[in-house]
Amino acid sequence: MSQQVFIGNTSDFPLGQAKGASANAVSVLVVHLKNGYCAIANKCPHLGLPLAGGKLAGNVISCPWHNSTFDVCTGRNLDWVSGIAGVKMPGWVRNIVALGKQPHGVTTYPVTEKEGKLYLHPGD
Ligand code: FES
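Note that this is a predicted model, so its numbers are computed, not measured. (Residues numbered from 1 in each chain as written. Predicted model: local features only at pLDDT ≥ 70, side-chain atom pairs only at ≥ 80, totals over all residues. Heavy atoms only, no water.)

Things to note about the sheet that holds strand S7 (residues 69-71)
Backbone hydrogen bonds are what pair the strands of a sheet, in a parallel or an antiparallel way.
Part 1 of the reasoning: Taken in spatial order, the four strands line up as S5-S6-S7-S8 in an open sheet, and their pairing is antiparallel. Strands at the two margins of the open sheet, each flanked by one partner only, are strand S5 (56-57) and strand S8 (77-79).
Part 2 of the reasoning: The sheet contact formed by S7 and S8 spans two bridges and is antiparallel. Of the residues in S8, the one forming a bridge with Phe-70 is Asn-77. (Pairing = 2+ DSSP bridges. Helix = DSSP H or I, 4+ residues; strand = E, 2+ residues; numbered from the N terminus.)

Encoded structure:
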């Protein structure tokens, strides 16, 4: 595995929350789930806006801008540009707001825990 960068103590990342962190100029959201930690780029693949502040439900985060949803562990896109700031849009509006961008997953990063400390592997 590549370089690991200390991003905080496990106590800094409460269960069921997405918290921001950075490693080597890579901005991420770290999510503490029952079975471990997952990290995704804090950058929505739609328009590159931050995912921070998006609603988290289990392992799914919604982009706070246009409601695209992503699995925080696999990065897989689950729904693409379905609304604006939490309000659903009809299909024809979705196509306009998508601006021709096709559905795309978000980058994920491995996180390891060692003795109460979390490390991100930004190059993986
Ligand atoms: S910026 Fe995230 S869905 Fe548009």
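Some points on the packing of aromatic side chains
Part 1 of the reasoning: Enumeration over the complete set of coordinates arrives at one aromatic pair.
Part 2 of the reasoning: Between the NZ or CZ atom of Lys-114 and the centre of the ring of Tyr-119, over which it lies, the distance is 5.6 Å. (Phe/Tyr/Trp six-rings, centres within 6.5 Å; stacked < 30°, edge-to-face > 60°. Lys NZ or Arg CZ within 6 Å of the ring centre and 35° of its normal.)

Any link to function would need more than the numbers given here.
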